[in-house]
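If you want the building blocks of each chain, they are given just below.
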Amino acid sequence: MHDPIPLKTLWRAGVDAVGGANSVYKSLTDTPITTPDQIIAVGKAAGAMAKAAADFFPDTPCLVVTKYDHGQDCPTSADLIEAAHPVPDVQSLAGGQALRDAVMRCNPGGHLLCLVSGGASALAEVLPEGWSLDRLASETQRMLASGADIHAMNARRKEISQIKGGKLLALFQGSKVTSLAISDVEGDVLGVIGSGIGDAFPDATFSFDARIVASNAIARGAVAKVAGEPLICNEETLYEDIGTLASRLGKMLKSGPAGLYLLGGEPTVILPEIPGMGGRNMALGLTLAREMQGADIEILVAGTDGTDGPTDAAGAIVTGQTWTDQAQDALDRADAYPFLRDANALFKSGPTGTNVMDLLIARKR
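Because the structure is a prediction, the values reported are computed rather than measured.

Participant: Would you mind showing me how to read the overall build of the protein here?
Facilitator: What the protein contains, in helices and strands, is 12 helices and 12 strands. For the protein, the C-alpha radius of gyration of 20 Å lies close to 21 Å, the compact-globule estimate for 365 residues. Along the first, second and third principal axes, the C-alpha set of the protein runs to 65 × 50 × 35 Å. Relative to its full complement of 365 residues, the protein shows a buried share of 56%. Taking all contacts inside the protein whose residues are at least 6 apart in sequence as the whole, residues at least 24 apart take part in 78%. Counting only carbon and sulfur atoms, one obtains 51% of the accessible surface of the protein, whose full area is about 14700 Å². Averaged over its 30 positive side-chain charges, the protein has a centre that lies 2 Å from the centre of its 43 negative ones.

Participant: Before we go on, may I ask you to explain the packing of helix α2 (residues 20-30) against helix α3 (residues 46-56) in this structure?
Facilitator: Packed helices, taken two at a time, are described by their axes: the angle between them and the distance between them. Between α2 and α3, whose axes approach to 7 Å, the crossing angle comes to 35°. As α2 runs across α3, the sense of the crossing is right-handed. When α2 is examined against α3, the residues Gly 20, Ala 21, Val 24, Tyr 25, Leu 28 and Thr 29 are found in contact with a partner set consisting of Ala 48, Met 49, Ala 52, Ala 53 and Phe 56. Of the residues contributing to the contact of α2 with α3, the split by class is nine nonpolar, two polar and no charged.

Participant: Would you explain the nonpolar core in this entry?
Facilitator: Across soluble globular proteins, nonpolar side chains have a tendency to be buried as a group. Within the largest apolar cluster, 40 residues are counted, with the highest numbers of intra-cluster contacts made by Trp 11, Val 64, Leu 113, Leu 115 and Ile 361. Among the elements that make up this core, the one with the highest residue count is α3 (five residues). Aside from chain neighbours lying at most four places away, what touches Trp 11 is Leu 300, Ala 302, Gly 303, Thr 304, Phe 347, Ser 349, Thr 352, Leu 359 and Ile 361. Core analysis: the second largest hydrophobic core is formed by 35 residues, Cys 233, Ala 316, Phe 339 and Leu 340 among them.

Participant: Is there a simple way to think about the packing of aromatic side chains in this case?
Facilitator: Centre distance and the angle of the planes are the two values used to describe a pair of aromatic rings. Considering all chains together, one arrives at five aromatic pairs under this definition. Between Phe 172 and Phe 206, the aromatic rings sit 5.3 Å apart at their centres with planes inclined by 80°, giving edge-to-face as the arrangement. Residue Phe 172 is located in the loop between α7 (150-160) and β5 (176-182), and its partner Phe 206 is located in the loop between β5 and β6 (207-214); the two are separated by 34 residues in the primary sequence. Residue classification places Phe 172 among the buried residues on the basis of a relative accessible area of 2%. Aromatic side chains Phe 206 and Phe 208 sit 6.3 Å apart centroid to centroid with 75° between the ring planes, which places their arrangement in the edge-to-face category. Residue classification places Phe 206 among the buried residues on the basis of a relative accessible area of 9%. Residue classification places Phe 208 among the partly exposed positions, given a relative accessible area of 30%. The lysine or arginine in question, Arg 135, covers the ring of Trp 131, its NZ or CZ lying 3.7 Å from the ring centre.

Participant: Any chance you could explain the pairing of β5 here in plain terms?
Facilitator: Successive residues of a regular strand alternate their side chains across the two faces of the sheet. Buried residues dominate β5, accounting for six of its seven residues. Both strand β4 (residues 111-116) and β5 contribute to a ladder of six bridges, which runs parallel. Residue Leu 115 lies in a different strand from β5, and its bridge partner there is Leu 180. Pairing of β5 with β6, which is carried by seven bridges, proceeds in the parallel orientation. Across the sheet, residue Ala 181 finds its bridge partner in β6, namely Ile 212.

Participant: I keep staring at the sheet that holds β5 and nothing clicks. Help me out?
Facilitator: Across a sheet, paired strands are connected by hydrogen bonds in the backbone, their directions being either parallel or antiparallel. As summarised here, the arrangement of the six strands in space is β3-β2-β1-β4-β5-β6, forming an open sheet in which the pairing is parallel. Edge positions in the sheet fall to β3 (79-83) and β6, since each has one partner strand and no second. This sheet shows a mean twist of 10° between the axes of neighbouring strands, independent of strand direction. In terms of strand pairing, strand β1 (residues 38-42) meets strand β2 (residues 62-67) through four bridges, oriented parallel. Counted as the bridge partner of Val 42 is Val 65 from β2. In this fold helix α4 (residues 90-105) packs onto β1, β2, β3 and β4, with an angle of close to 145° to the strand it touches most, β3.

Participant: How should α7 be read in this particular structure?
Facilitator: For an α-helix, 3.6 residues make a turn, and residues three or four places apart therefore share a direction. Taken as a whole, α7 has its buried residues at Ile 150, Met 153, Asn 154, Arg 157 and Ile 160. Taken end-on, α7 shows its buried residues confined to a sector of 115°, consistent with a single buried face. The secondary structure elements touched by the buried residues of α7 are α5 (120-123) and α6 (133-146). The N-cap of α7, judged by a side-chain oxygen 3.1 Å from the amide nitrogen of His 151 a few residues on, is Asp 149.

Participant: Which parts of the structure should I look at to understand the pattern of salt bridges?
Facilitator: Side-chain pairs of opposite charge can arise whenever the charged atoms involved come near each other. Summed over all chains, the structure comprises 17 salt bridges. Arg 211 is the partner of Asp 209 in a salt bridge, and the nearest nitrogen-oxygen pair spans 3.2 Å. Among the charged side chains, a salt-bridge network with shared partners connects Glu 139, Arg 142, Arg 156 and Glu 159.

About the thresholds
- Residue numbering note: each chain is counted from 1, following its sequence as written.
- Under the rules for a predicted model, residues below a pLDDT of 70 receive no local features and side-chain atom pairs below 80 are neither given nor counted, while totals for whole chains, interfaces and linings still include all residues.
- Only hydrogens and water are set aside; all other atoms, that is, all heavy atoms of the structure, feed into the side-chain values.
- Numbering of helices and strands starts at the N terminus; helices are DSSP runs of H or I of at least 4 residues and strands are runs of E of at least 2.
- Note that the radius of gyration is over C-alpha atoms, with the globule rule given as 2.2 Å times the number of residues to the power 0.38.
- Only protein chains enter the accessibility calculation, which uses a 1.4 Å probe; a residue whose area is less than 20% of its type maximum is buried, one above 50% is exposed, and one in between is partly exposed.
- Contact definition: two residues touch when any of their heavy atoms are within 4.5 Å.
- Residue-level accessible areas treat just the shown protein chains as cover; the underlying method is Shrake-Rupley with a 1.4 Å probe.
- The charged-residue count follows a simple rule in which Lys and Arg add positive charge and Asp and Glu add negative charge, with His and chain termini not counted at all.
- Charged groups are reduced to one reference atom each: NZ for lysine, CZ for arginine, CG for aspartic acid, CD for glutamic acid.
- The axes are straight lines fitted to the C-alpha atoms, using for helices just the contacting stretch, and the angles between their N-to-C directions are given from 0 to 180°.
- It is the rotation of the near helix from the far one that decides the hand of a crossing: anticlockwise by less than a right angle makes it left-handed, clockwise makes it right-handed.
- Charged residues are taken to be Asp, Glu, Lys and Arg, nonpolar residues to be Ala, Val, Leu, Ile, Met, Phe, Trp, Tyr, Cys and Pro, and polar residues to be all remaining types, Gly included.
- Buried Ala, Val, Leu, Ile, Met, Phe, Trp, Tyr and Cys residues form a nonpolar core when they are joined through side-chain atoms within 4.5 Å.
- Working definition: rings of Phe, Tyr and Trp (its six-membered ring) pair if their centres are within 6.5 Å, and the pair is stacked with planes under 30 degrees apart, edge-to-face with planes over 60 apart, and tilted otherwise.
- Two thresholds decide whether a charge sits over a ring: the Lys NZ or Arg CZ must be within 6 Å of the ring centre and within 35 degrees of the ring normal.
- Paired strands, in this sense, are two strands between which DSSP finds at least two bridges.
- Note: the arc covers the axis-to-C-beta directions of the helix.
- Nitrogen and oxygen atoms within 3.5 Å of one another constitute a polar contact, given that in protein one can donate a hydrogen and the other can accept it, and given that sequence-neighbouring residues count only through two side-chain atoms.
- Note on definitions: salt bridges are taken to be side-chain nitrogens of Lys or Arg within 4 Å of carboxyl oxygens of Asp or Glu.

Geometric values such as these leave the question of function open.
Structure, rendered in structure tokens:
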């Protein structure tokens, strides 16, 4: 009997299936478009998405706005702006203004190709009168700490922003917009991805073609295809607070049969006033380790973008032996990173060129 495929390898198979370059290339191959006059790409996967588009349209001007250290896949001919995530910084304002200028430069009759992926909400912004960057950062930190889900956060961002929720494309004076999006939200709704930065108002005067080119479901399907072992569940239900979620999943894993459990989504976490170092996937992994004490179960939970919170880790790999008496203090202080590092339980992948929320893969023997 062959040894099971390592969880890291399964996770990578899922992520590769929704890579920014692969997803855009497949979409443009399967459903060709006329040559655009301008390409704009924004989000954590913007560089990889733009690279694929530039292979089809090498002479089209291209603007990429992405996270710091995520521009390595960006076409060499593109204008690149890197900014902060998840809390916007001054470069986020530069990115927002550059996107606005690029859209407004499009001529009547022109075609705009808009490439959007998760993270766009923080990476690009144009503020209304009366708002400062400090106020925006404080509002973002408040929402992140509150445990609000992405729908609530992006609804608030659209209220504030001058380029979200269809407002960016409202500035377009050309004849056609094609939006290709990698979904990092429940339901794969274009108006929620990146707070609707690649969406159009219903009364838009131009032709609008929008496509979801990658999603959590596609990533999970790729994992299931290569796993080669009994798949007990495959569902997108990681949308609760990590405490509630860990309790539910713990019961399911402990009482369920041996095999592979595959889940996707984006859990929420409420942070203390002064959080330590970590992210929601590390916190969920460590909380699950508490539930799994002594069990022959291994769990990988990680962000498909390769980052979990403001850290260099994507998440965690925990087992029934990971939990110790010191772990609860780390959870209480939202400081899972140092504990997991010392337990050799951090999972690091580096930037992945995509972002379809989080993947949890558990194997029960």
